[in-house]
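Fold and contact review
The primary structure of each chain is shown beneath.
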Amino acid sequence: MYSKKRSDFWKKVASIVSVILLLLAWYGGSTRITDNQSGMVDQLLINGDLLNQIDDRLYEGRILNKLNPVEYIGLGSGIGYGGMTEVAVTVSSLGDIQRIAVLSSKDTSSYLDKVIQSNLMEKLLGKNIKSNFEIDGVSGATVSTNALTEAIKRAADPVRFELFGINRAENEKPISHFRWLDLLAIAMFTMAILVNKTRHRKKSMFNWALLLTSMCVFGFYSSSLFSSSTMGILISGAWLTGLGNYTSIILLSLVILYIIATNKNVYCNTLCPFGATQECLAKLGNTKTISLTPVFFEWFPRGLLLVTLCLGLYYRNPASFSYEPFGIMFGMIGSIYLFVLTTITIVTSLVVKRPWCRTLCPMNPMTDFIRFNRQWFKSVLNKQRLKRQIILTNQMVGSEVKRSEVSK
Amino acid sequence: MRKKLLFIFYIVSAVFVCVHLGLRVNHLTQLEASNTPLFVATYSEHSTSSKVPVNDAINYKEWAEKFEEQTK
């Protein structure tokens, strides 16, 4: 009883400290951000010596002591996986694209690297902005490709208008980021709730059907399962300015709301694509459910998630700090360390059931945090209700006593 | 035996995750300190295209000298 009380006390302290740390990281990030974009634009001049800003998205480059500008630099942004991708395009006075620079990106660096390695930008160099330029997508990094394409097109718009008086931006339809996958995520989450509630004799079969569908659709097809980076995007508010893929945010929001409402987590056992992969591997091997009991193993993933979220908030780039093996598993994208991590997870899954879920998965710390605070909030409410009831009872008893004294 | 395996998996995974995060922090810090674009591609008349190393996007020293000469 005493140790439970002490443990609860430290959990309360940890809960408050983690919220304070997240707020501090957010504040630190906001003081760190400076307007260094114009400094970067300076470096993009090719023939010009002086850079003049015409408006927010357009600069002109001039040679000293000459009147006419020799080149223009346009700025544009596109919506990527984790937020905005900013691009600058240097265009000659004839309208030819001379230089393309990626100023900033909130996508996972591996995805951006894949797009850059595909020579997507080099294919546009030398082309005239007066003509339409179409860009082929890069498979496995569609959202990042779309973000970059959108940003380049938008960067060319102000230059095109300045040089030729053509305003193509007015005719462009805004890209819709709501997709059928988002609707499917909502539908599958509803089905997961139903499957978890039912007492049907084929419940296990329904569960497997959902797991396998989720693995195929949210895993191998779209790689839109949520991770620590999605949690970072959600709390940083980056989704308010636009995201290239809302599916993972929708799934995460539904999971959080359901845990708050019912204290139950239906995602891990019924919808998680990586959980499904581990379950499939477990069927191939001779596995057993093993748990590590020491307190350290419970607290390390919590600390890891907190550090990751703080870094994501501080650098305003949550997608960069994703540490799960999901990217390698479903898209073969990620660092060498994550590749090794994925490999050892796959091998261990053949012997131990769901090793990733039992160790470093960020879903457990998130669920624990919500459940603990929910319970804490409920107990505070119950205490207040109890106090009010006691006061009411005392008042009633007091008035009864007074009434009986008066009648005497 | 399985418990030992899970323990080893835990430690190895934790080490890889920490190294991965450390490298990410290092990369982002360096990138911010350099104040240069993430990637620059420049058109060259001699070839269809060429990538320019970010730090060589413009020779600042040469530019400053030229500027001083012309403004004297």
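Being a predicted model, the structure only gives us computed values, none of them experimental.

**A short note on the interface of chain A and chain B**
- Each partner contributes to the interface: chain A provides 63 residues, whereas chain B provides 40 residues.
- At the boundary of chain A and chain B, one finds zero salt bridges.
- At the junction of chain A and chain B, the tally comes to 11 residue pairs in polar contact (both at pLDDT 80 or more).
- Sorting the residues of the side of chain A that touches chain B by element identifies α2 (37–42), β5 (97–104), α3 (109–117), α11 (295–314), α13 (336–349) and α14 (355–358) of chain A as the ones contributing at least two each.
- If you tally residues by element for the side of chain A that touches chain B, the top one is β5 of chain A, at eight residues.
- Looking at the side of chain A that touches chain B, its residues break down into 36 nonpolar, 21 polar and six charged.
- Here β5 of chain A pairs with strand β1 (residues 39–42) of chain B via four bridges, running antiparallel. Of the residues in β1 of chain B, the one forming a bridge with I100 of chain A is A41 of chain B.

**Some thoughts on unusual backbone geometry**
All names here are of chain A.
- Non-glycine residue R316 carries a positive phi angle of around 55 degrees.
- Note that R316 resides in the loop between α11 and α12 (326–331).
- The exposure class of R316 is buried, given its relative accessible area of 16%.
- One non-glycine residue, R354, lies in the positive phi region at around 45 degrees.
- Position of R354 relative to the elements: it lies in the loop between α13 and α14.
- Of the residues examined, R354 reaches a relative accessible area of 5% and is grouped as buried.

**Quick word on the packing of α11 of chain A against helix α1 (residues 2–34) of chain B**
- Between α11 of chain A and α1 of chain B, the least distance of the axes is 12 Å, while the angle of their chain directions is 15 degrees. With respect to α1 of chain B, the axis of α11 of chain A lies roughly parallel. Handedness of the crossing formed by α11 of chain A with α1 of chain B: left-handed. Residues F296, F297, F300, P301, L304, T308 and L311 of chain A of α11 of chain A touch α1 of chain B, and the partners they reach there are F7, Y10, A14, V17, C18, L21 and V25 of chain B.
- For the contact of α11 of chain A with α1 of chain B, the per-class residue count stands at 13 nonpolar, one polar and no charged.

**Considerations on the pairing of strand β3 (residues 71–79) of chain A**
Residue and element names in this part refer to chain A.
- When you tally the buried positions in β3, you get nine out of nine residues, the bulk of the element.
- Of the two faces of β3, both are covered, the one formed by E71, I73, L75, S77 and I79 as well as the one formed by Y72, G74, G76 and G78.
- In this structure, strand β2 (residues 58–62) lies alongside β3, joined through four bridges in antiparallel fashion. Across the sheet, residue L58 finds its bridge partner in β3, namely G74.
- Looking at chain direction, β3 and strand β4 (residues 84–92) are connected through nine bridges and run antiparallel. Looking across to β4, one finds that G78 is bridged to T85.
- The antiparallel hairpin formed by β3 and β4 contains four residues in its connecting segment, where G83 sits at a positive phi of about 145 degrees.

**Here's the deal with helix α5 (residues 180–197) of chain A**
Residue and element names in this part refer to chain A.
- Taking 1.5 Å per residue as the helical rise, α5 with its 18 residues ought to reach 26 Å, and the 26 Å between its terminal C-alpha atoms agrees with that figure.
- For α5, the set of buried residues is L181, D182, A185, M188, F189, A192, I193 and V195. Along α5, the residues classed as buried sweep out an arc of 165 degrees about the axis, all on the same side. More than 90 degrees from the buried face of α5, the exposed residues found are W180, L183, L194 and K197.
- Contacts from the buried residues of α5 go to α6 (203–221), α8 (247–262) and α9 (267–270).

**Some words on the side chain of D49 of chain A**
Residue and element names in this part refer to chain A.
- Positionally, D49 belongs in the loop between α2 and β1 (50–55).
- Look at D49 and you get buried, because its relative accessible area is 7%.
- Side-chain polar atoms of D49 contact the backbone nitrogen of L64, separated by 3.3 Å.

**Section: the UniProt feature "transmembrane region" (unreviewed entry) in chain A**
Residue and element names in this part refer to chain A.
- When the UniProt feature table is mapped onto this chain numbering, "transmembrane region" (unreviewed entry) sits at residues 208–226, 238–261, 296–315 and 327–352.
- Along residues 238–261, the helical share is 62% and the strand share 0%, with 25 Å between the first and last C-alpha atoms.
- For residues 327–352, the helix share is 73%, the strand share is 0%, and the end-to-end C-alpha distance is 22 Å.

**Points about the pairing of β2 of chain A**
All names here are of chain A.
- Judged by how many residues are buried, β2 sits mostly within the fold: four of five residues are covered.
- The pairing of β1 with β2 spans five bridges and is classified as antiparallel. Its bridge partner being in β2, D55 is matched across the sheet by L58.
- Linking two consecutive strands that pair antiparallel, namely β1 and β2, is a turn of two residues.

**Topic: the nonpolar core**
All names here are of chain A.
- Counting 63 residues, the largest nonpolar core has F226, V255, Y267, F274, W356, M363 and M366 as its most contacted members.
- Per-element tally for this core: the top contributor is α11, with eight residues.
- Discounting residues that sit within four places of it in the chain, F226 has contacts with M231, S248, L251, L252, V255, Y267, F326 and M363.
- Counting 29 residues, the second-largest nonpolar core is a separate cluster that includes I100, Y111, L120 and A151.

About the cut-offs
- Residues numbered from 1 in each chain as written.
- Chains lettered and ligands numbered in written order.
- Predicted model: local features only at pLDDT ≥ 70, side-chain atom pairs only at ≥ 80, totals over all residues.
- Heavy atoms only, no water.
- Contact = heavy atoms within 4.5 Å.
- Salt bridge = Lys/Arg side-chain N within 4 Å of Asp/Glu carboxyl O.
- Polar contact = N/O pair within 3.5 Å; in protein donor to acceptor, adjacent residues only side chain to side chain.
- Helix = DSSP H or I, 4+ residues; strand = E, 2+ residues; numbered from the N terminus.
- Nonpolar A, V, L, I, M, F, W, Y, C, P; charged D, E, K, R; others polar.
- Pairing = 2+ DSSP bridges.
- Buried < 20%, exposed > 50% of the residue type's maximum accessible area, 1.4 Å probe, protein only.
- Axes fitted to C-alpha atoms, helices over the stretch in contact; angles between N-to-C directions.
- Parallel < 35°, antiparallel > 145°, perpendicular 65-115°, else oblique.
- Left-handed = near helix turned anticlockwise from the far one by under 90°.
- Expected span 1.5 Å × (residues − 1).
- Arc of directions from axis to C-beta.
- UniProt positions renumbered as here; feature names shortened; annotations may be inferred.
- Core = buried A, V, L, I, M, F, W, Y, C linked by side-chain atoms within 4.5 Å.

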